[in-house]
2 protein chains.
Amino acid sequence: MATVSAAFIDGLARSLGSSQVSTDPGDLEAYGRDWTRIFPPAPSALVRPRTTAEVSEVLRECHRAGVPVVPSGGRTGLAGGAVASRGEVVLSLERMRTLGPVDTVGRTLAVEAGAVLEAVHRHAAEQGLTWPIDLAARGSCQIGGNIATNAGGVRVIRYGSTRQWVLGLTAVLADGTVLDMNRRLEKDNTGTDLRQLFIGSEGTLGVITQATLKLCPLPPEQQVMLFSVGSLADVLAFFAEARRGPFVISAFECFSQRCLDHVMREQRVEAPLGAAREFYVLLEVEGEPERLITWLESMLERSLVADGTLAQDSQQAQRLWAYREGITESLAPSFPHKNDVALPVHALAAFYADLEALLRQRYQGWDICVFGHVGDGNLHINFLKPSAMSVQDFVAHTSGADQALFALVQRHGGSISAEHGIGLLKKPYLKYTRSEPEIAMLRAVKAALDPRNILNPGKIF
Amino acid sequence: MATVSAAFIDGLARSLGSSQVSTDPGDLEAYGRDWTRIFPPAPSALVRPRTTAEVSEVLRECHRAGVPVVPSGGRTGLAGGAVASRGEVVLSLERMRTLGPVDTVGRTLAVEAGAVLEAVHRHAAEQGLTWPIDLAARGSCQIGGNIATNAGGVRVIRYGSTRQWVLGLTAVLADGTVLDMNRRLEKDNTGTDLRQLFIGSEGTLGVITQATLKLCPLPPEQQVMLFSVGSLADVLAFFAEARRGPFVISAFECFSQRCLDHVMREQRVEAPLGAAREFYVLLEVEGEPERLITWLESMLERSLVADGTLAQDSQQAQRLWAYREGITESLAPSFPHKNDVALPVHALAAFYADLEALLRQRYQGWDICVFGHVGDGNLHINFLKPSAMSVQDFVAHTSGADQALFALVQRHGGSISAEHGIGLLKKPYLKYTRSEPEIAMLRAVKAALDPRNILNPGKIF
């Protein structure tokens with residue numbers, strides 16, 4: 001637990017102006033936590049600078065005094081990366097949300113880190129362009145956080161992750177040094193690309209204050225289909241087939257019948273297809289409807305899928321998406337224990353068979369609900385508490401179940417965190433994906449950039 | 001100049017087997033240089049390990065003895081990054097060229113670093129897939145070098161640079177530590193992405209020995225068009241228009257009439273279009289020919305271009321490409337001094353106007369030939385020796401001209417090296433793109449990973 005003196009906080013208030021610094025208990029409670037809701041918030045102060053120079057000033061003072069800092073965006077993370085539970089100073093970027101003009105020729109947009117994702121989408125859309133990173137948290141997550149966590153989402157299969165859509169960055173180092181790498185260049189081979197260090201580093205190496213985003217055209221209207229499929233192996237065979245289809249895939253989402261059961265019960269909706277099967281695939285594509293219908297019929301004829309439907313209009317498309325998007329909410333009452341893993345695509349079916357065997361052998365009565373972005377090898381795995389088991393008992397067992405799960409992930413060459421990051425929540429399990437030499441190198445890079453360990457200390461490792 | 005004892009080289013030969021180590025003068029001459037041909041080759045020895053374990057052994061011994069090592073691929077670089085001119089040990093990866101099976105579901109391919117780019121293309125094409133990085137040097141450049149230099153090429157506008165097509169890496173650190181990051185995952189958010197450090201670092205942070213490449217479908221036949229355009233500003237206006245065209249752009253290449261003059265003279269070919277103008281655009285797209293013709297006609301009607309033609313078959317397409325691809329060879333007899341810069345796309349025209357003014361004012365009689373990948377902001381700039389000037393005089397002035405050029409690049413927010421890297425050739429000018437704090441951080445990262453400075457020492461900074 002850091003001890004930050006009142007005198008230090010007063011000093012920050014004098015440097016920045018008192019309206020930029022808060023120790024109000026309500027603020028500390030709200031800004032000390034993220035969507036994990038597990039770690040009790042306990043920051044010492046909240047600072048909300050308005051400029052990169054002010055961010056630099058805050059860090060310079062914290063660095064001098066050895067005060068730990070938690071960089072803070074929209075706090076929608078699911079791994080505790082933005083949690084301040086040990087007396088840290090929370091450095092919120094929310095007052096830095098300026099959006100520059102859209103450069104329609106170069107297709108770039110310079111923004112401040114506190115800009116909300118949805119505002120960026122709206123701003124770019126006025127010029128027929130978009131930043132193709134999209135998440136359920138779009139209404140509150142911020143660009144700086146998206147970059148610091150290398151955010152993914154449902155359209156990674158089409159567009160890739162955040163890393164591919166960042167041309168420039170300004171980051172402030174632990175000692176207050178401003179690193180202006182905010183060139184808006186598609187190509188720049190002048191030595192190690194330092195921008196990449198900050199993307200996905202969860203605020204442990206520097207505070208991102210500005211970025212130049214790469215934009216692309218707003219996609220045309222998409223076609224949405226839903227299929228029922230007998231097994232995860234069949235889902236993969238169908239995926240290979242879909243990749244050869246007469247269209248461009250923008251989402252290939254999969255969920256199990258068990259997920260669907262929860263959605264139907266909680267949201268009081270009917271089954272989407274006549275023929276129920278163990279898995280469902282939501283396929284969103286860009287293509288001509290007539291060719292899609294022919295393709296869909298050929299899939300049914302060849303029995304690659306048990307049943308399938310193509311949405312006839314955007315309302316129907318929304319209804320199909322609702323099955324997929326309703327899963328998280330519908331599982332919530334069942335006390336789900338969540339994981340977000342990635343596997344090589346070809347290994348998904350074998351991994352899943354091993355996982356089912358594990359549950360049968362060691363966690364009888366536990367229900368498992370999986371859904372995810374199969375085209376990227378990304379599965380969201382939810383263990384559900386058996387109804388007869390107490391919450392306390394269940395929680396006591398989840399750590400062991402996680403270790404068994406991550407050992408399987410490791411054996412199949414996967415990652416224990418596909419999208420959500422490590423933060424505090426996955427920190428004990430980092431070794432299941434990163435080898436000893438890798439962790440040693442992560443530490444060496446951290447020590448080189450933040451020798452006093454003031455930036456988001458205790459996160460990742 | 002490093003002094004490497006005969007005893008040390010004998011020791012390497014004992015560890016690896018004598019057939020893996022050479023001090024033959026012909027070998028040293030060949031393996032000590034790259035395509036720059038400026039720096040006299042002078043390595044102490046050539047080692048050609050066959051496995052990652054052997055690479056580790058070489059580095060462990062060199063690290064212990066403080067012997068500098070130059071990692072070596074196909075040596076087709078244009079910045080001196082693979083030059084060994086100071087008694088270094090050249091570590092060639094050419095005996096590690098195994099290609100794994102193509103994973104057609106996950107669309108990945110594991111290869112060893114010494115695999116030649118063209119061999120990778122051929123191997124993937126058997127399954128209808130490709131690794132979409134393509135360069136003129138494809139017949140000899142190696143995957144490890146492509147990755148270590150973050151290679152670009154003419155289709156970056158469609159596919160991005162090498163960085164986007166590498167899923168996994170194995171790299172050996174300076175002290176011999178093997179860093180196995182060769183997972184084949186599209187998504188892996190488990191802390192700082194260490195792979196990114198090695199991509200584009202020109203062998204200064206580690207030796208890449210293996211990689212898992214991300215593949216994509218072989219593109220269908222492309223349509224090729226050539227246009228004449230009045231000015232670089234018009235080229236940019238045309239580019240903005242082409243981006244809204246009914247097709248997917250796979251190349252948008254530009255060259256000046258002065259480049260074309262050299263090609264026509266050297267290759268004895270006719271002018272490609274009736275109406276000559278200051279600039280030409282080669283546009284390669286994926287789209288339906290009928291819609292292209294309509295689009296092309298509308299461009300001519302609106303006078304966005306002076307003239308234009310659409311290749312009717314693949315032979316004609318090749319002939320149009322030959323104008324663009326013949327430039328480098330056609331300029332060679334005129335003693336060109338080459339640069340490879342990048343600018344924000346919107347700044348290209350203003351930058352070029354400033355560059356022409358600079359030549360008029362300070363370098364009268366110098367000819368300038370520009371061509372490049374305008375859609376990525378990437379210009380290859382060639383200064384040609386005035387015929388009345390001696391080679392010696394010209395060479396004596398190019399350093400000053402480079403500095404004036406790079407000052408312009410800096411003023412317009414550009415990069416002094418878009419694709420080629422820094423190596424030895426651009427090292428004196430790094431500060432025109434990288435700020436003091438950035439260079440300090442490059443040094444800090446280098447010191448953390450290679451504290452004895454044995455990996456490609458003297459390159460980049």
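Residues numbered from 1 in each chain as written. Chains lettered and ligands numbered in written order. Predicted model: local features only at pLDDT ≥ 70, side-chain atom pairs only at ≥ 80, totals over all residues. Heavy atoms only, no water.

This part takes up the relation of the copies chain B and chain A. Between the two copies of this chain, the relationship is a rotation about some axis together with a displacement along it. Superposition record for chain B on chain A: RMSD 0.0 Å, screw rotation 180°, translation along axis 0.0 Å. Taken together, the turn and the small shift mark the pair as related by a two-fold rotation axis. When you check the interface residues of chain B against chain A, 100% turn up at the interface there too, and the contact is symmetric in its surfaces. (Least-squares fit on C-alpha atoms with pLDDT ≥ 70 in both. Contact = heavy atoms within 4.5 Å.)

A word on the sheet that holds strand S2 (residues 45-47) of chain B. All names here are of chain B. If you trace the 4 strands from one edge of the open sheet to the other, you get S1-S2-S4-S3, paired in mixed fashion. The open sheet has two edge strands with one neighbour each: strand S1 (21-22) and strand S3 (69-72). As defined by bridge partners, S3 adjoins strand S4 (residues 89-92) across 4 bridges and the pair is classed as parallel. In the strand pairing of S4, Val 70 is matched with Val 90. The sheet strands contacting helix H3 (residues 52-65) are S2, S3 and S4, and the helix crosses S4 at an angle near 165°. (Pairing = 2+ DSSP bridges. Helix = DSSP H or I, 4+ residues; strand = E, 2+ residues; numbered from the N terminus. Axes fitted to C-alpha atoms, helices over the stretch in contact; angles between N-to-C directions.)

What follows is about the environment of Arg 107 of chain B. Mapping Arg 107 of chain B onto the fold places it in the loop between strand S5 (99-103) and strand S6 (108-112). Separated by 24 residues in the primary sequence, Arg 107 of chain B and Trp 131 of chain B have C-alpha atoms spaced 9.7 Å apart. Ignoring anything within four residues of it in the chain, the contact list for Arg 107 of chain B reads Arg 243 of chain A together with Leu 129, Leu 213, Lys 214, Leu 215 and Pro 217 of chain B.

A separate point is the interface of chain B and chain A. Contacts between the two partners involve 68 residues from chain B and, on the opposite side, 68 residues from chain A. For the chain B and chain A pair, buried surface summed over both sides reaches about 5,600 Å², with 58% attributable to carbon and sulfur atoms. Considering only the side of chain B, the residues that lose the most area to chain A are Lys 187, Asn 189 and Met 441 of chain B, jointly responsible for 16% of the buried surface there. Close ionic contact of Glu 438 of chain B with Arg 183 of chain A constitutes a salt bridge, the shortest N to O distance being 3.1 Å. The interface formed by chain B and chain A contains 36 residue pairs in polar contact (both at pLDDT 80 or more). At the level of elements, strand S9 (178-181), helix H7 (195-198), helix H8 (232-243) and helix H15 (436-449) of chain B are the ones that each hand at least two residues to the side of chain B that touches chain A. Considering every element that reaches the side of chain B that touches chain A, the biggest residue donor is H15 of chain B, with 8 residues. Of the residues contributing to the side of chain B that touches chain A, the split by class is 30 nonpolar, 22 polar and 16 charged. (Buried area = accessible area lost by both parts, 1.4 Å probe. Salt bridge = Lys/Arg side-chain N within 4 Å of Asp/Glu carboxyl O. Polar contact = N/O pair within 3.5 Å; in protein donor to acceptor, adjacent residues only side chain to side chain. Nonpolar A, V, L, I, M, F, W, Y, C, P; charged D, E, K, R; others polar.)

Looking now at the pairing of strand S4 (residues 89-92) of chain A. Residue and element names in this part refer to chain A. The alternating pattern of S4 places Val 89 and Leu 91 and Val 90 and Ser 92 on opposite faces, both of which are buried. As defined by bridge partners, strand S2 (residues 45-47) adjoins S4 across 3 bridges and the pair is classed as parallel. Residue pairing in the sheet places Val 47 in a bridge with Leu 91 of S4. (Buried < 20%, exposed > 50% of the residue type's maximum accessible area, 1.4 Å probe, protein only.)

Further remarks concern the confidence of the model for chain A. Chain-level pLDDT for chain A is 96 on average; 100% of the residues reach the 70-or-more range. Of the two predicted TM-score estimates for the complex, the pTM is 0.97 and the ipTM is 0.96. (pLDDT = per-residue confidence, 0-100.)

Here the focus is unusual backbone geometry. Trans is the common state for peptide bonds, and a negative phi is the common state for residues other than glycine. One non-glycine residue, Asn 150 of chain A, adopts positive backbone phi at about 50°. Tracing the backbone shows Asn 150 of chain A in the loop between helix H5 (143-148) and helix H6 (156-159). Positive phi outside glycine occurs at Asn 453 of chain B, with the angle close to 55°. With respect to the helices, strands and loops of the structure, Asn 453 of chain B is situated in the segment after H15.

On to the pattern of salt bridges, then. Under the criterion given, the structure shown has 48 salt bridges over all chains. Note that Glu 438 of chain B and Arg 434 of chain B form a salt bridge whose closest N and O atoms lie 3.4 Å from each other. Arg 434 of chain B matches Glu 438 of chain B in its accessibility class, with the two residues each being buried. Residues joined in a network through salt bridges with shared partners are Arg 183 and Asp 188 of chain A together with Arg 434 and Glu 438 of chain B.

Once that is clear, we can look at the side chain of Arg 183 of chain B. In this structure, Arg 183 of chain B sits in the loop between S9 and H7. Residue class for Arg 183 of chain B comes out buried when judged on its relative accessible area of 15%. Only 3.0 Å separates the side chain of Arg 183 of chain B from the backbone oxygen of Thr 433 of chain A, close enough to count as a polar contact. Discounting residues that sit within four places of it in the chain, Arg 183 of chain B has contacts with Gly 413, Gly 414, Thr 433, Arg 434 and Glu 438 of chain A together with Leu 167, Gly 168, Asp 188 and Thr 212 of chain B.

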